[in-house]
Amino acid sequence: MPYYYGYGFDWTYLVIVLPCIILSLWASSSVNSTFKKYSKVHSSRRITGAEAAQRVLSANGVRNVRIERVSGNLTDHYDPKSNVIRLSDDVYASTSVAAIGVACHEAGHAVQYAEHYGPIKLRAAIIPITNLGSKLAMPLILIGILLSYLGNFSYAIVYLGIACFGLSLVFQLVTLPVEFNASRRAMGAIEAGNILSEEERRGAGRTLRAAAMTYVAATAVSLAQLLRLIVLFGGRRRND
């Protein structure tokens with residue numbers, strides 16, 4: 001019977017996954033602290049997050065996109081199905097440079113859809129597949145292990161599970177250019193529309209860069225977890 005390490009706390013987790021999880025925790029802490037810092041710096045023009053988002057939409061000729069308030073902390077997002085930008089309580093009516101940066105970023109996503117930006121269309125198209133893959137991955141791997149008594153057939157199921165898990169990495173990789181592009185659109189619109197002063201723009205930019213690091217960290221975690229699965233199970237075939 002093939003021997004597997006098991007998906008537990010072993011050297012592969014310590015060496016491959018844990019550093020990326022630490023990076024993810026740091027990125028999450030950084031975005032919260034950076035947002036909190038620049039939430040205390042208010043725009044000299046007293047423009048709210050909702051008003052800034054509307055300016056970005058108008059400047060790009062995007063109409064019929066509603067801007068609504070949503071509860072929660074940093075729950076801001078653009079919903080393409082409803083064509084709505086939802087801004088959290090700390091962003092919607094706030095005049096801080098952090099709020100304006102976040103609001104303009106979400107407006108950037110609305111502009112991406114309006115302009116049929118390729119990566120965001122691709123991300124929307126693969127969401128159902130990646131969601132299904134993430135749900136099937138570990139059950140398939142566990143079934144493959146349980147069926148190890150049957151011989152090589154179990155490896156096919158394990159490898160199928162690993163392939164399904166890899167779909168989450170594909171999603172993260174597609175998400176990166178989408179998020180970076182939305183931030184570039186946001187900062188460009190803020191400067192072109194004179195929404196913030198030069199000094200204030202630096203604060204908004206730092207807020208968006210901190211947020212971008214959370215996506216980089218999420219990608220690193222997905223890659224590390226996939227590599228761990230390959231290390232754990234990929235070598236078993238050769239050793240048995």
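Residues numbered from 1 in each chain as written. Predicted model: local features only at pLDDT ≥ 70, side-chain atom pairs only at ≥ 80, totals over all residues. Heavy atoms only, no water.

Visitor: Quick rundown of the side chain of glutamate 106? Include the residues and the values.
Guide: Tracing the backbone shows glutamate 106 in helix α4 (residues 97-114). Excluding residues within four positions of it along the chain, glutamate 106 makes contact with Asp76, His77, Tyr78, Ile85 and Leu87. (Helix = DSSP H or I, 4+ residues; strand = E, 2+ residues; numbered from the N terminus. Contact = heavy atoms within 4.5 Å.)

Visitor: Talk me through a nonpolar patch on the surface; I want residue IDs and the actual numbers.
Guide: Taken together, Trp11, Leu14, Val15 and Val231 make up a surface patch of nonpolar side chains, about 370 Å² in accessible area. For the nonpolar patch, the element with the most residues is helix α1 (residues 11-38), which contributes three residues. (Patch = residues over 30% accessible without salt bridge, like charges linked within 9 Å, V, L, I, M, F, W, Y side chains within 5 Å. Areas by Shrake-Rupley, 256 points an atom, 1.4 Å probe, with all protein chains shown as cover. Salt bridge = Lys/Arg side-chain N within 4 Å of Asp/Glu carboxyl O.)

Visitor: For the pattern of salt bridges, give the residues involved together with the corresponding values.
Guide: All chains considered together, the criterion is met by eight salt bridges. Here glutamate 198 ties to arginine 202 by a salt bridge, and the two come within 3.8 Å at their closest N and O atoms. Of the two residues, glutamate 198 and arginine 202 are both situated in helix α7 (residues 198-234); the distance of four residues between them amounts to about one turn of the helix. Glutamate 198 sits in the exposed class, given a relative accessible area of 55%. Since its relative accessible area comes to 36%, arginine 202 is described here as partly exposed. Counted as one network, the salt bridges with shared partners bring together Arg66, Glu68, Asp79 and Arg86. (Buried < 20%, exposed > 50% of the residue type's maximum accessible area, 1.4 Å probe, protein only.)

Visitor: Run through the packing of aromatic side chains, naming residues and quoting values.
Guide: A full pass over the atoms with the stated rule returns one aromatic pair. For the ring pair tyrosine 78 and tyrosine 113, a centre distance of 5.6 Å and an interplane angle of 50° mean the geometry is tilted. Of this pair, tyrosine 78 sits in strand β2 (residues 77-79) while tyrosine 113 sits in helix α4, and the two are 35 residues apart along the sequence. Judged on exposure class, the residue tyrosine 78 and its partner tyrosine 113 are both buried. (Phe/Tyr/Trp six-rings, centres within 6.5 Å; stacked < 30°, edge-to-face > 60°.)

Visitor: Describe the environment of alanine 27, with residues and values.
Guide: With respect to the element layout, alanine 27 can be found in helix α1. Its relative accessible area of 0% is what places alanine 27 among the buried residues. Each C-alpha atom of the pair alanine 27 and valine 216 lies 8.8 Å from the other, and the pair is 189 residues apart in sequence. When near neighbours in sequence (up to four residues on either side) are disregarded, alanine 27 contacts Ala210, Met213, Thr214 and Ala217.

Visitor: Break down helix α5 (residues 118-146) for me, citing the residues and quoting the values.
Guide: Taking 1.5 Å of rise per residue, 29 residues should cover 42 Å, and α5 covers 42 Å from first to last C-alpha, within 8% of that figure. Along α5, the sharpest kink reaches roughly 45°, centred on isoleucine 126 and followed within four residues by the proline proline 128. Along α5, the residues that are buried comprise Ile120, Arg123, Ile126, Thr130, Gly133, Ala137, Leu140, Ile141 and Gly144. (Expected span 1.5 Å × (residues − 1). Bend = angle between axes of the 7 residues up to and from the residue.)

Visitor: Mind laying out the packing of α4 against α7, listing which residues take part and the relevant values?
Guide: For any two helices packed against each other, one specifies the inter-axial angle together with the distance between the axes. Following both chains from N to C, one finds α4 and α7 inclined at 60°, their axes separated by 8 Å at the closest point. Comparing their axes, α7 and α4 come out oblique. As for the relative orientation of α4 and α7, their crossing is right-handed in sense. Contacts between α4 and α7 involve Val97, Ala98, Gly101, Val102 and His105 from the first element and Glu200, Gly203, Ala204, Thr207 and Leu208 from the second. Broken down by class, the residue content of the contact of α4 with α7 amounts to five nonpolar, four polar and one charged. (Axes fitted to C-alpha atoms, helices over the stretch in contact; angles between N-to-C directions. Parallel < 35°, antiparallel > 145°, perpendicular 65-115°, else oblique. Left-handed = near helix turned anticlockwise from the far one by under 90°. Nonpolar A, V, L, I, M, F, W, Y, C, P; charged D, E, K, R; others polar.)

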